Amino acid sequence: MLIDGKKVSADIKSEIAATVAQMVADGQKRPHLAAILVGHDGGSETYVANKVKACEACGFKSTLIRFEDDVTETELLEAIDRLNKDTDVDGFIVQLPLPRHINEQHIIEAIDYRKDVDGFHPVNVGRMSIGLPCFVSATPAGIMELLGRYDIPTRGARCVVLGRSNIVGKPVANLMMQKAKPGNATVTVCHSATPDIKEICREADIIIAALGSPGFVTADMVKPGAVIIDVGTTRVPDASRKNGYRLSGDVDFANVEPLCSHISPVPGGVGPMTIASLMKNTLLAARHEIYPAV
Ligand code: GUN
């Protein structure tokens, strides 16, 4: 069965839009999400444009702050400081990756954790890892939402996470092992130093592939009936497309799909859920549901 992230994401956005309409009718201000975008990386441009569009669909105010590739760390830190202090801004994100001369960790740690709707600040990461209320980063939150909405059994399931990035692999592994529903799985994290990845995957009831390696998960790695969540979004050159590329997931979809009970496609699976989760976090920030008013 296909896991339709596009549909679930649209449902979530209309739930949010209804809540926002009620807030505005009650005289409250619209939620406000700001984004900082550095440079002109194609992927980042697309993500940020989609975030701005999603804000419109949800009835949020959005602000986009752009810098060129040669921005200094000091200039970025000043922009973050302004957003931290701006009482109209409920939450903001700094689109990653940043140019190499910028220390990403300095930037992330400069964000007020109470406005960190990406959930990348160590306070939010730490609180998530011990199961406290926090902003959960958008892609892992979107994956958990899909597992929940499709009622996929996770308790006691063997879950293999491929990849250990701070943005996806580490947090989703953490969420999958929390005593929660969905969650409560037995989690194995595989990465570039793991031998026997194929054998480990073959034992999995759930595979979450977040490596950025097109077609990495092949049919011989999948147990019949397994659930496959594909987080890959690599741009592969494709002359037949008008933009010159197509998005490729980490799973050999054509050969794996007939084997599994559920699979999320690329595009239209996890990608749209990331945006919906960011909108949800922004609503939580605007309503001060995680942290008291800044
Ligand atoms: N780059 C890739 N994914 C993300 C994300 O979820 N948030 C931000 N800020 N940058 C990203």
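What counts and how
- Residues numbered from 1 in each chain as written.
- Predicted model: local features only at pLDDT ≥ 70, side-chain atom pairs only at ≥ 80, totals over all residues.
- Heavy atoms only, no water.
- Helix = DSSP H or I, 4+ residues; strand = E, 2+ residues; numbered from the N terminus.
- Rg over C-alpha atoms; globule rule 2.2 N^0.38 Å.
- Buried < 20%, exposed > 50% of the residue type's maximum accessible area, 1.4 Å probe, protein only.
- Contact = heavy atoms within 4.5 Å.
- Areas by Shrake-Rupley, 256 points an atom, 1.4 Å probe, with all protein chains shown as cover.
- Lys, Arg positive; Asp, Glu negative; His and termini not counted.
- Charge placed at Lys NZ, Arg CZ, Asp CG, Glu CD.

Asker: Explain the overall build of the protein to me, using residue names and the numbers behind them.
Answerer: Each helix and strand in the protein was counted, giving 10 helices and 10 strands. Its C-alpha atoms give the protein a radius of gyration of 19 Å, within 12% of the compact-globule value 19 Å for 294 residues. The principal-axis extent of the C-alpha atoms belonging to the protein is close to 55 × 40 × 35 Å. Looking at the protein as a whole, 48% of its 294 residues qualify as buried. Sequence-distant contacts, at least 24 apart, represent 71% of the contacts inside the protein between residues at least 6 apart. Carbon and sulfur atoms make up 54% of the accessible area of the protein, which totals about 13,800 Å². A distance of 4 Å separates the average location of the 31 positive side-chain charges in the protein from that of its 35 negative side-chain charges.

Asker: Provide a residue-level description of the environment of leucine 147, including the pertinent values.
Answerer: One can find leucine 147 in helix H6 (residues 138-149). Looking at leucine 147, the relative accessible area reads 0%, which means it is buried. Excluding residues that lie within four positions of it along the chain, leucine 147 makes contacts with Ile152, Thr154, Met176, Pro182, Val227 and Ile229.

Asker: So what's going on with the environment of threonine 186? Which residues, and what values?
Answerer: Here threonine 186 lies in strand S5 (residues 186-190). As for threonine 186 and arginine 155, which are separated by 31 residues in sequence, their C-alpha atoms are 8.2 Å apart. Leave out the neighbours within four places in its chain, and threonine 186 touches Gly156, Ala157, Arg158 and Cys159.

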